[in-house]
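Here's the letter readout for the chains.
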Amino acid sequence: MVFAIEEINRSPDLLPNITLGFRIFDSCTSQIRAIQGLLEVLTGKQRQVPGYSCDPHSMPISYGSVLSTLSDKLQFPSFLRTVPSSTFQNIALARLMGHFGWTWIGMIISDDEVGMVGGQSMKRVIEQNGGCVAFMEKVHLSYPRAKILSTVKVSQRHGVKVIIVHSSEVHVKMLMEAFHSQNVTDNVFVFSASFTVTLGLFPRQTWPLFNGSLAIVLHFTNMPGFEEFLTHLHPLRDPNDKFIKRLWEKAFNCRWPEANDTQMMINIANGEGPSPCSENQTLHKMAADLFELDDLGSTYHTYLAVYALAHALDSVMSCKPGQGPFINGECADVNNIQPWQVLQYVRKINVTLNVGANLYFDANADALSAYDILNIQILGDDDIRLAKVGRYDSQEGQEVHVNTKSILWADHNQVPRSVCSEKCPPGYRRASREGQPVCCFECIPCSQGMISDPDGDECIKCPHHQWSNEKHDHCVQKVTEFLSFEEPLGLMLTSSAAFLTLITCFVLGVFLRYRDTPIVKANNRGLSYLLLTSLMLCFLCSFIFIGLPQTLTCMLRQTVFGVIFSISVSSVLAKTTVVVIAFKATHPNSRTRRWLASKTPKCTVLLSSTIQVLICLFWLVKSPPFAELNIMAYKEKIIIECNEGDPIFFYCMLGYMGLLAIVSFIVAFFSRNLPGSFNEAKLITFSMLVFVSVWISFIPAYLSTRGKYMVAVEVFAILCSSAGLLGCIFFPKCYIILIRPERNTRHNLIGKRHFGSIKSE
């Protein structure tokens, strides 16, 4: 303050022909003395009367008060300061904790309003940024040693490695001594801006505790000439300055003689007490030890406060009538300047000082909002360095900028760890421990289909087309599944269909080769050819179901299968009808014999098949099947399948085919007792029994499976039912034709009983 005032008084441009002065009120770390000094500033008298000012020229402006509540202009409309609000300090500390990954933090605050309000505000910001405050202990220089020791034990019990100290250095002295006495040396202290980093105030044995610690201090820049000003301080330069005398006596361990100080002269004569101070002593070599030149935050903002008031007074003095800030452009009376008038100019100040700082006040009457981060480095007994390792500026964003490589940690080769629970590994998420802070947690694996987020806090669900890998640390593309020709199941069904197709071709070839034999001619050989051809096509249509589903194959496979199978069953129904009519028309003149004409079985097949064709055509027009990706059937894979469209048509197709089979079964069942040598009804009855059994079993099996297994069930049903018809109806005949040709005669087919001449074709 003295340096800034003298600099202003020497300036020809700022307040010319006006000399500034000052008064100092020392609180002596006492709240009572602080309030007393404040009232003296406000009233201008030593006998203070609150609310009444005897000195109209007082204009207080703060260079150190950081309480955030003072930014409320409704409560404190006349308060201005050159230091940032504690709100920014809290953000800076919380960001600093997050930068190093420190989430388990202890706090030590001073037992006063500044410590309590600031500590709670700081705790709230730290917790909002993901940290946890393990404990908050209060200290004060008036505390007994036992209470200070209990604070040390609390920090040991919680196992924190990082402790934020939000208190002035005068209250922390006993605490550091207690940490030293308990041999607790592995903590990293982070000091708030209220702590002045001056290790000379602490016992030398406690210095190692500060090594590697961090301090957030008010940002400052170099003030030209200030260090030279300090080295030239001397009591004889200003005999009335009591502060310089006290500084001198402490620095040189001497005492300035006072007038008529008889006791001092006696002590000197006896060789007792400090020696008298010498006029030849200088501070040139002692400035670095006496003044903490690496932490001039408070000093710098005091400098700014003096210049803010000086520039405001200069604006008052240079105001021109009609251009003033008051009503009708009036200016203040320079012979009777009121504090509220100066306040108007201070609020609007916006100047660039010779130190390079742009001095102005925002809407909350706060000035600069920047901090420097210092690292306390003790390299030897007397080699103490405060290295600037980072910076926080609210105008540059909400993040701190730290050069971690320039930090010297005590007894650590890397950044110390201070967490309650280590970060969960990939594939795990946090699970809170009951009754403990959120920073203390267990790690449990992520569920299927979920992966851990980058912070390891929660598990997130993979997109619908992806699935979690085995480690649950990232999502992978889901496996697509369909019944392919290459896989064992598809290969087995394909081979079976091909084999049965060849067998059917062989049977058809046998029937064509022996088409003129009685057993082939019996029961209408044309129907036998049609049935064998349709069975061959049934086996071949299985290939449409296998392979990658596409729109065309999806539209064809059910409809083609339904029509071909209907032709097969219709042919069986026609053959059964022929058997019944043949045995009913044994008399040559019977009217029933005309139903044996070749048009009757053809009409039966045509009519029965046409109904199924109409059902399938209406299905394709109204709601055709299509290929789709089913992501709901299985969580871990995507099923490429055919959507059958409206399922009603699918079940109508199956239902009609089942109806034909049941009718054939009933007709054949009631004809089973006809003479066996000629009667094909027994074979048809058994084949229909197999057919119906297969498709009745198919329905629950089809509904209970998904994906490729659903397709496999349907293909299996097609192959089994078709093979049942082929085997039950045609294998006995092939046995007679190829193995027992002697039985392939008309006499053997008619048997002992004579039914007359029956025209079978």
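Residues numbered from 1 in each chain as written. Predicted model: local features only at pLDDT ≥ 70, side-chain atom pairs only at ≥ 80, totals over all residues. Heavy atoms only, no water.

### Things to note about the side chain of Arg-81
One can find Arg-81 in the loop between α2 (31-43) and α3 (86-99). Taking relative accessible area as the criterion, Arg-81 reaches 0% and is therefore assigned buried. Beyond its immediate stretch of four places on either side in the chain, Arg-81 contacts Ser-62, Ser-65, Val-66, Leu-67, Ser-68, Leu-70, Ser-71, Phe-361, Ala-365, Asp-366 and Ala-367. (Helix = DSSP H or I, 4+ residues; strand = E, 2+ residues; numbered from the N terminus. Buried < 20%, exposed > 50% of the residue type's maximum accessible area, 1.4 Å probe, protein only. Contact = heavy atoms within 4.5 Å.)

### A closer look at the sheet that holds strand β12 (residues 401-402)
Sheet architecture is open: eight strands sit in the order β2-β1-β3-β4-β5-β10-β11-β12, paired in mixed fashion. The sheet is open, and its two borders are formed by β2 (132-139) and β12, each paired with just one other strand. Bridge count between strand β5 (residues 214-218) and strand β10 (residues 370-378): five bridges; the pairing is antiparallel. By the bridge assignment, Val-217 is partnered in β10 with Asp-372. Lying over the sheet, helix α5 (residues 145-158) contacts β1 (104-110), β2 and β3 (162-166), oriented at roughly 170 degrees with respect to β2. (Pairing = 2+ DSSP bridges. Axes fitted to C-alpha atoms, helices over the stretch in contact; angles between N-to-C directions.)

### Describing the state of the cysteines
Counted under the stated rule, the structure contains eight disulfides. In this model Cys-319 forms its disulfide with Cys-331; the gap between the sulfur atoms is 1.9 Å. Across the S-S bond of Cys-319 and Cys-331 the torsion is about -70 degrees, and the bridge reads as left-handed. Remark: Cys-331 occurs in the loop between α12 (297-317) and α13 (339-347) and Cys-319 occurs in the loop between α12 and α13; sequence separation between them is twelve residues. Note that Cys-554 is cross-linked by a disulfide to Cys-642, the S-S spacing being 1.8 Å. Here the S-S torsion is close to -75 degrees, and the disulfide linking Cys-554 with Cys-642 is therefore left-handed. (Disulfide = S-S within 2.5 Å.)

### Describing α5
Taking 1.5 Å as the rise per residue, α5 with 14 residues should run 20 Å; its terminal C-alpha atoms sit 21 Å apart, in good agreement. All of the buried residues in α5 are Ile-148, Leu-149, Thr-151, Val-152, Val-154 and Ser-155. Against β1, β2, β3 and α6 (169-181) lie the buried residues of α5. Where α5 terminates, the next one or two residues include Gly-159, which has phi positive at roughly 70 degrees. (Expected span 1.5 Å × (residues − 1).)

### So, the pattern of salt bridges
Applying the stated criterion across every chain, the model contains 15 salt bridges. Here Arg-525 makes a salt bridge to Asp-516, at a shortest N to O gap of 3.3 Å. (Salt bridge = Lys/Arg side-chain N within 4 Å of Asp/Glu carboxyl O.)

### Some details on the confidence of the model for the protein
The pLDDT averaged across the protein works out to 83; a share of 89% of its residues lies at or above 70. In the predicted structure, residues 752-761 sits below a pLDDT of 50 and forms 16 contacts with residues beyond four places in sequence or in another chain. (pLDDT = per-residue confidence, 0-100.)

### Here's the deal with the environment of Lys-250
Following the sequence through the fold, Lys-250 ends up in helix α9 (residues 242-252). Through-space distance from the C-alpha of Lys-250 to that of Leu-290 is 9.6 Å; in sequence the pair is 40 residues apart.

### Focus on a nonpolar patch on the surface
Taken together, the side chains of Met-1, Phe-22, Ile-24 and Phe-243 make up a nonpolar region of the molecular surface, amounting to roughly 380 Å² of accessible area. Among the secondary structure elements, Ile-24 is positioned in the loop between α1 (2-10) and α2. (Patch = residues over 30% accessible without salt bridge, like charges linked within 9 Å, V, L, I, M, F, W, Y side chains within 5 Å. Areas by Shrake-Rupley, 256 points an atom, 1.4 Å probe, with all protein chains shown as cover.)

### Digging into the pairing of strand β11 (residues 384-393)
Two elements, β10 and β11, share nine bridges in a ladder whose sense is antiparallel. Across the sheet, Gln-377 pairs through a bridge with Arg-385, a residue of β11. Where β11 lies against β12, two bridges are found, and the strand directions are antiparallel. Across the sheet, residue Arg-391 finds its bridge partner in β12, namely His-401.

### Some points on the nonpolar core
Of all hydrophobic cores here, the largest spans 58 residues; its most connected members are Phe-511, Phe-561, Phe-691, Trp-695 and Phe-730. Breaking this core down by element, the ones donating at least two residues are α14 (488-513), α15 (518-521), α16 (525-545), α17 (551-584), α18 (599-622), α19 (647-670), α20 (681-703) and α21 (708-738). Examining the composition of this core, we find that 13 residues originate from one element, α21, more than from any other. Residues contacting Phe-511, with those up to four places away along its chain left out, are Val-520, Ser-528, Tyr-529, Leu-532, Phe-730, Lys-733, Cys-734 and Ile-737. Phe-226, Leu-283, Leu-343 and Ile-349 belong to the second largest nonpolar core, which has 49 residues in total. (Core = buried A, V, L, I, M, F, W, Y, C linked by side-chain atoms within 4.5 Å.)

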